[in-house]
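# Examining the three-dimensional arrangement
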Amino acid sequence: GAGVSQSPSNKVTEKGKDVELRCDPISGHTALYWYRQSLGQGLEFLIYFQGNSAPDKSGLPSDRFSAERTGGSVSTLTIQRTQQEDSAVYLCASSRDKNQPQHFGDGTRLSIL
Amino acid sequence: GEDVEQSLFLSVREGDSSVINCTYTDSSSTYLYWYKQEPGAGLQLLTYIFSNMDMKQDQRLTVLLNKKDKHLSLRIADTQTGDSAIYFCADRSYNTDKLIFGTGTRLQVFP
């Protein structure tokens with residue numbers, strides 16, 4: 001597709017379960033970012049990938065959060081042992097390189113019961 | 001850390017101009033961005049400005065940057081009901097990769 005694709009669009013899960021969120025960036029974009037949008041905290045940076053490496057993981061809120069990127073393309077954000085405060089919209093963005101504008105997907109709305 | 005601030009709400013009549021304001025604290029800002037978010041959707045890049053520019057125009061959109069006062073504005077000419085959305089200002093600092101976002105301004109356009 002032409003834009004950043006994220007799946008699933010909605011995810012409801014029970015507290016304590018693990019979840020995986022997927023991001024498919026724009027073809028040819030080497031930089032990939034994850035952000036979180038929540039009512040209380042606004043839009044927060046989580047992690048940045050350049051290729052398959054993550055030079056900046058400074059925004060990951062705890063060690064329950066991890067992410068990987070394979071083949072310089074698809075990225076997966078994993079949240080282990082989910083808590084209610086993890087409920088948010090998780091947004092992925094990509095850019096041609098780190099100096100170019102970031103283009104966002106529609107996000108995954110995560111709800112923890 | 002760096003901070004970006006915006007007013008929360010703006011209400012305008014259809015056909016009028018809208019001006020959305022943003023202030024930031026970063027002294028090493030390189031680019032400043034405006035994104036639009038409609039309900040249930042992600043962020044749509046509207047426009048951006050390099051920090052050594054003071055104005056950029058793109059069709060109905062005009063961005064003004066006052067670097068001395070660290071003030072950014074987005075003017076939307078001939079505002080339409082389809083412009084109703086939340087508008088986010090974002091800052092990217094020198095030698096960093098992440099964007100720092102404001103809280104967003106909810107623009108409501110009424111007939």
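Structure: see above.
Residues numbered from 1 in each chain as written. Chains lettered and ligands numbered in written order. Predicted model: local features only at pLDDT ≥ 70, side-chain atom pairs only at ≥ 80, totals over all residues. Heavy atoms only, no water.

## Description of the overall build of chain B
A count of helices and strands for chain B gives zero helices and 11 strands. Along its sequence from the N terminus, chain B presents helices and strands in the succession β-β-β-β-β-β-β-β-β-β-β. At 13 Å, chain B has a C-alpha radius of gyration in line with the 13 Å of a compact globule built from 111 residues. In terms of principal-axis extent, the alpha carbons of chain B reach across some 45 × 30 × 20 Å. Out of the 111 residues in chain B, the part that is buried amounts to 45%. (Helix = DSSP H or I, 4+ residues; strand = E, 2+ residues; numbered from the N terminus. Rg over C-alpha atoms; globule rule 2.2 N^0.38 Å. Buried < 20%, exposed > 50% of the residue type's maximum accessible area, 1.4 Å probe, protein only.)

## Concerning the interface of chain A and chain B
With 17 residues of chain A at the contact, the number on the chain B side is 17 residues. Summed over both sides, the interface between chain A and chain B buries roughly 1,500 Å², with carbon and sulfur atoms accounting for 54% of that surface. Together, A:Leu43, A:Pro101 and A:Phe104 form the three largest contributors to the area buried by chain A at its contact with chain B, with a combined 33%. Applying the counting criterion to the chain A and chain B interface returns six residue pairs in polar contact (both at pLDDT 80 or more). Elements represented by at least two residues in the side of chain A that touches chain B include exactly β4 (31–38), β5 (42–50) and β10 (103–104) of chain A. Its residues assigned to classes, the side of chain A that touches chain B comprises eight nonpolar, six polar and three charged. (Contact = heavy atoms within 4.5 Å. Buried area = accessible area lost by both parts, 1.4 Å probe. Polar contact = N/O pair within 3.5 Å; in protein donor to acceptor, adjacent residues only side chain to side chain. Nonpolar A, V, L, I, M, F, W, Y, C, P; charged D, E, K, R; others polar.)

## Focus: the packing of aromatic side chains
Overall, the coordinates contain 14 aromatic pairs over all chains when judged by the stated rule. For the ring pair A:Phe104 and B:Tyr35, a centre distance of 5.3 Å and an interplane angle of 85° mean the geometry is edge-to-face. Remark: B:Tyr35 occurs in strand β4 (residues 29–37) and A:Phe104 occurs in strand β10; the pair is interchain, linking two chains. Both residues of the pair, A:Phe104 and B:Tyr35, count as buried. Ring centres 6.1 Å apart and planes at 75° place the aromatic pair A:Phe104 and B:Phe101 in the edge-to-face group. With one member in each of two chains, A:Phe104 in strand β10 and B:Phe101 in strand β10 (residues 100–101) form a pair that bridges those chains. An aromatic cluster of three or more residues is present, and its members are A:Tyr33, A:Tyr35, A:Phe45, A:Tyr48, A:Phe104, B:Tyr31, B:Tyr33, B:Tyr35, B:Tyr48, B:Phe50, B:Phe88 and B:Phe101. (Phe/Tyr/Trp six-rings, centres within 6.5 Å; stacked < 30°, edge-to-face > 60°.)

## Here's the deal with the pattern of salt bridges
A side chain of one charge can pair with a side chain of the opposite charge when the charged atoms of the two come close. Residue and element names in this part refer to chain A. Evaluation of the coordinates by the stated rule reveals five salt bridges over all chains. In this structure, Asp24 and Arg22 form a salt bridge, with 3.5 Å as the shortest nitrogen-oxygen distance. On the basis of relative accessibility, which here comes to 26%, the residue Asp24 falls in the partly exposed class. Judged by relative accessible area, Arg22 falls into the partly exposed class, the value being 39%. For Asp86, the salt bridge identified is with Arg64, shortest N-O distance 2.8 Å. Of this pair, Asp86 sits in the loop between β8 (75–79) and β9 (88–95) while Arg64 is found in the loop between β6 (53–56) and β7 (65–69), placing the two residues 22 residues apart along the sequence. There is no split in this pair, since Asp86 and Arg64 are both buried. (Salt bridge = Lys/Arg side-chain N within 4 Å of Asp/Glu carboxyl O.)

## Things to note about the sheet that holds strand β6 (residues 55–58) of chain B
All names here are of chain B. As summarised here, the arrangement of the five strands in space is β1-β3-β8-β7-β6, forming an open sheet in which the pairing is antiparallel. Whereas interior strands pair on both sides, the edge strands pair on one side only; in this sheet they are β1 (4–6) and β6. Direction aside, the axes of adjacent strands within the sheet are offset by 15° on average. Of the strand pairs in this sheet, β6 and strand β7 (residues 61–66) are connected by four bridges, and their pairing is antiparallel. Among the inter-strand pairings, Lys56 is bridged to a residue of β7, identified as Val63. (Pairing = 2+ DSSP bridges. Axes fitted to C-alpha atoms, helices over the stretch in contact; angles between N-to-C directions.)

## Re the nonpolar core
Membership of the largest hydrophobic core comes to 20 residues, with the highest contact counts inside it found for B:Trp34, B:Leu72, B:Leu74 and B:Tyr87. At the level of elements, β3 (18–24), β4, β5 (43–50), β7, β8 (71–76), β9 (85–93) and β11 (105–110) of chain B are the ones that each hand at least two residues to this core. (Core = buried A, V, L, I, M, F, W, Y, C linked by side-chain atoms within 4.5 Å.)

## Notes on the sheet that holds β8(A)
Residues and elements named next belong to chain A. Strand order across the open sheet formed by four strands is β1-β3-β8-β7, with antiparallel pairing between neighbours. Each edge of the sheet is formed by a strand with only one pairing partner; in this case those strands are β1 (5–7) and β7. Direction aside, neighbouring strands of the sheet carry axes that sit 15° apart on average.

Structural measurements only, silent on function.
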